[in-house]
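Analysis of the macromolecular model
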Amino acid sequence: MLTTGPRGTKDILPDSCGYWQYVEQTIREVCRSFAYQEIRTPVFEHTELFLRGIGETTDIVEKEMYTFADRGKRSITLRPENTAAVVRAYLEHKLYAGPQPTKLFYIGPMFRYDRPQAGRYRQFHQFGIEVLGAKGPAVDAEIISLAVRFFNKLGLNDLKLFINSVGCPECRPVYRAKLQEFFRDKVPNLCADCQSRFDRNPMRILDCKNETCTTHSQGAPHMVDCLCEECTSHFNGLKELLTAAGINFVTNPRLVRGLDYYTKTAFEIQYAPLGAQSAVCGGGRYDGLVAECGGQPTPGIGFAIGIERVLLALEKQALLPVITSAVDVFVAPLGIKTQAAAFKLLTELRQAGITADMDFMDRSLKAQMKYANKYPAKFVALIGEDELEQDKVMLKNMETGSQELINRAELVHMITEGMEK
Ligand code: AMP
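Residues numbered from 1 in each chain as written. Predicted model: local features only at pLDDT ≥ 70, side-chain atom pairs only at ≥ 80, totals over all residues. Heavy atoms only, no water.

Bringing the pairing of strand β10 (residues 279–285) into the picture now. With 5 of its 7 residues buried, β10 lies for the most part within the structure. Note that strand β9 (residues 263–271) and β10 share 6 bridges and pair antiparallel. Note on β10: the bridge partner recorded for T263 is R285. Sheet analysis places β10 next to strand β11 (residues 300–306), joined by 5 bridges and oriented antiparallel. Bridged to C281 within β11 is I305. (Buried < 20%, exposed > 50% of the residue type's maximum accessible area, 1.4 Å probe, protein only. Helix = DSSP H or I, 4+ residues; strand = E, 2+ residues; numbered from the N terminus. Pairing = 2+ DSSP bridges.)

All right, on to the side chain of T26 then. Residue placement: T26 occurs in helix α1 (residues 14–33). Judged by its relative accessible area of 6%, T26 falls in the buried class. Within the structure, the side chain of T26 is placed 2.8 Å from the backbone oxygen of Y22, a separation counted as a polar contact. (Polar contact = N/O pair within 3.5 Å; in protein donor to acceptor, adjacent residues only side chain to side chain.)

With that settled, the discussion passes to the packing of α1 against helix α11 (residues 307–316). Close contact between α1 and α11 brings their axes to 11 Å; oriented N to C, the two are set at 110°. With respect to their mutual orientation, α1 and α11 come out roughly perpendicular. Note that α1 runs across α11; the crossing there is right-handed. Note on element contacts: α11 touches α1 through I307, E308, L311 and L314, opposite Y19, W20, Y22, V23 and I27. Broken down by class, the residue content of the contact of α1 with α11 amounts to 8 nonpolar, no polar and 1 charged. (Axes fitted to C-alpha atoms, helices over the stretch in contact; angles between N-to-C directions. Parallel < 35°, antiparallel > 145°, perpendicular 65-115°, else oblique. Left-handed = near helix turned anticlockwise from the far one by under 90°. Contact = heavy atoms within 4.5 Å. Nonpolar A, V, L, I, M, F, W, Y, C, P; charged D, E, K, R; others polar.)

Turning next to the side chain of S145. Mapped onto the elements of the fold, S145 is located in helix α5 (residues 137–153). A polar contact of 3.0 Å, which involves the side chain of S145, links it to the backbone oxygen of E142. Here S145 is in contact with F34 and I247, once residues within four sequence places are set aside.

So, on to the site of the ligand. Residues in contact with the ligand amount to 13 residues; listed here are only the nearest, R112, D114, Y121, Q126 and A279. Take Q126: an N or O atom from its side chain is 3.0 Å from an oxygen atom of the ligand. With respect to the ligand, the backbone of V280 contributes an N or O atom lying 3.4 Å from an oxygen atom. Of all the secondary structure elements, the ones that give two or more residues to the shell around the ligand are β6 (123–132), β10 and β11. Looking at the shell around the ligand residue by residue, the classes come out as 6 nonpolar, 3 polar and 4 charged. (Near = heavy atom within 4 Å.)

Now for the domain arrangement of the protein chain. In terms of domains, the protein chain is made up of domain 1 (14–171 + 227–316) and domain 2 (327–420). Of note, the centres of domain 1 and domain 2, computed from C-alpha atoms alone, are 50 Å apart. (Domains from an automatic or database assignment.)

With that settled, the discussion passes to the environment of G302. Structurally, G302 is set in strand β11. When the C-alpha positions of G302 and E130 are compared, they lie 4.2 Å apart, and in sequence the two are 172 residues distant. Aside from chain neighbours lying at most four places away, what touches G302 is I129, E130, I143, F267, G283, G284 and Y286.

Before going further, it helps to spend a moment on the sheet that holds β10. Read across the sheet, 8 strands follow the order β1-β5-β6-β11-β10-β9-β7-β8 without closing on themselves; strand pairing throughout is mixed. What marks the edges here is a single partner per strand, and that holds for β1 (37–38) and β8 (250–251). Packed onto the sheet, α1 meets β1, β5 (102–111) and β6 and runs at close to 160° relative to β5. Against the sheet, helix α9 (residues 229–244) makes contact with β7 (159–165), β8, β9 and β10, and its axis sits at roughly 160° relative to β7, the strand it touches most.

As enumerated under the stated definition, the model contains 11 aromatic pairs in all. With centroids separated by 5.3 Å and ring planes inclined at 55°, the aromatic side chains of F150 and F151 adopt a geometry described as tilted. Classification of F151 as buried rests on a relative accessible area of 1%. Relative to Y375, the ring of F330 has its centre 6.1 Å away and its plane inclined at 45°; by these criteria the two rings are tilted. (Phe/Tyr/Trp six-rings, centres within 6.5 Å; stacked < 30°, edge-to-face > 60°.)

Take helix α4 (residues 83–92) next. For α4, a buried count of 8 out of 10 residues is recorded, marking the element as mostly surrounded by other parts of the structure. Within the span of α4, buried status applies to T83, A84, A85, V86, V87, A89, Y90 and L91. As for α4, its buried residues are in contact with β2 (44–46), α2 (47–54), β5, β6 and α10 (289–292). Residue K94 follows α4 closely and has a positive phi angle near 50°.

Before going further, it helps to examine the environment of L78. The topology assignment puts L78 in strand β4 (residues 75–78). Residues L78 and F50, 28 residues apart in the sequence, show an inter-C-alpha distance of 9.8 Å. Those residues in contact with L78 that lie beyond four places of it in its chain are V43, F44, Y66, F68 and F111.

What follows is about the environment of F267. Tracing the sequence through the fold places F267 in strand β9. For F267, a relative accessible area of 2% corresponds to the buried category. F267 sits 139 residues away from I406 along the chain, and the two C-alpha atoms are 64 Å apart. Ignoring sequence-local partners within four residues, the contact set of F267 consists of I143, I144, L161, F162, I163, L255, C281, G282, G283, G284, G302 and F303.

What follows is about the sheet that holds strand β15 (residues 392–397). On the basis of which strands lie adjacent, the open sheet formed by 5 strands has the order β13-β12-β14-β15-β16 and mixed pairing. The strands lining the two open edges of the sheet, one partner per strand, are β13 (356–358) and β16 (403–407). Across the sheet, the mean angle separating the axes of adjacent strands is 25° when strand polarity is ignored. As paired elements, strand β14 (residues 377–383) and β15 share 4 bridges and run antiparallel to each other. Each bridged residue has a counterpart across the sheet, and for A381 the counterpart in β15 is L395. In this fold helix α12 (residues 339–351) packs onto β12 (327–333), β13, β14 and β15, with an angle of close to 165° to the strand it touches most, β13. Seen against the sheet, helix α13 (residues 365–374) touches β12, β14 and β15 and runs at an angle of roughly 170° to β12.

Shown next, in the form of C-alpha cells:
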C-alpha cells in the first residue's frame, strides 16, 4: 500500500515531465495567439455545483464523482471536469462586467471514478477552453479551429472532427418525443442504463456503447432533422465557417448531450490511431448553463482535451521532443578542502544564468568525469588543492577534450564566451 499509488493514478516522473512541459507550452502559445486568458480554479468545489452544472442524470454525477464530507460537514467534490467551476468563477468575480466575450483556458487535474485502462485514469489532466457571452456560430468555429491548431502544432494531423447539433429547449422536446416513440417497443431489449434513460434522458441512448443498444438505435430519428429555425441557421453557419477555414468535419447524429442547458453545437475530435480511447477532445455549447448556475442567461461554449491521450498519441507517432538534461558546467571539487570554493563558484555561475551542478557524492575524479558525461556537461570546472591555493580552476571543454588553467575570477566570463561561440 505504502509503496503503490491509488488505482487509476499515475506519477509523472522526471523523465516525462519535459513532455508535459512541451505540451503545456504549446497550449499556452496557441491560446495566446487566439487571445485566450488562463484561469485557475480550485480542484474541489461544493458538490452542489456539479449536481447542477453537469446534471444529476449523467454518468459522471451518478457513478464517477469523488465526493466526501469535509471536517465542517460540507459536501465537497474533487472536480470531475472544469466547465461548471469556470462558470462559477465567472459569476463570483463578475467577469461578465469586463470586455466580452470572456475567453478562458485552463490546464489541470480532474478526478473521476472511472474504470482504469490505457488512456483512462481516475486522476487525469485536461486542457480546456470556455467562451462566455457570445452566441453566434463564429465562436463555435473559433474554438474548434483552436483545438485543430493545437493538435496540428504538435504534429498530430490524422484527426477526425465530428459535429452535431443537439437543438435547444424549444426544438428538443419535439425530438425527444419522436425518439421515445421510436424506442418505446425496444426498451426491454436495451441495457439497464438505457432503460432508465428512456424516461429521464432518451438522447443518451444514442451514445450508449453497448452493442445491443447501438443495434436497436439504428434508424432512430436525427436531431438535425428536427431543429428549429434558429438552431438550423446556427448549425449551417458553423458548417460554412469550418468549410471556409478548411477544417474537414463529419456530421454525427449520435453525438449527444441530453441535458437542457446543452444547446446547439456538440463536437468531438478523435485520433483514430489511439484505438479504444480515441476521443481526444469533446466540446459543445451550453447556452443554458450560466442561468442554471444562478446567473443571467448567458451563452457559452467550450471543450476539453485529455492531455494523457495527447501524450499517448505523440508517443505512438514518435512525435515526442528530445528533452535534454544537459548542463553548461559541472563543478568538480577534489577533496573536502576544496568544497567551499567549489560551492562559491557554483553559486556565481548560477547567478550569471549559467546552468550548473556539482558533485555532492564525494566521488573520485574519474567517477566525477563519468557523471559529468552522463548529463552531458559542456564544461567541467575542476578544483583540486593546487588550484585552490593558486585561486585557479582547471576548465575542461568536454566536447573538444581540451583543458586550460584559468583564474577563478574569469570563469563566468570564459563560460559565457565559450557558449556564445
Ligand atoms: P469529457 O469531459 O468527458 O467530455 O472528456 C473530454 C476529454 O477528456 C476526452 O476526450 C478525453 O480525451 C479526456 N478524458 C475524459 N475522461 C478521461 C479519463 N478518465 N482519463 C483520461 N482522459 C479522459
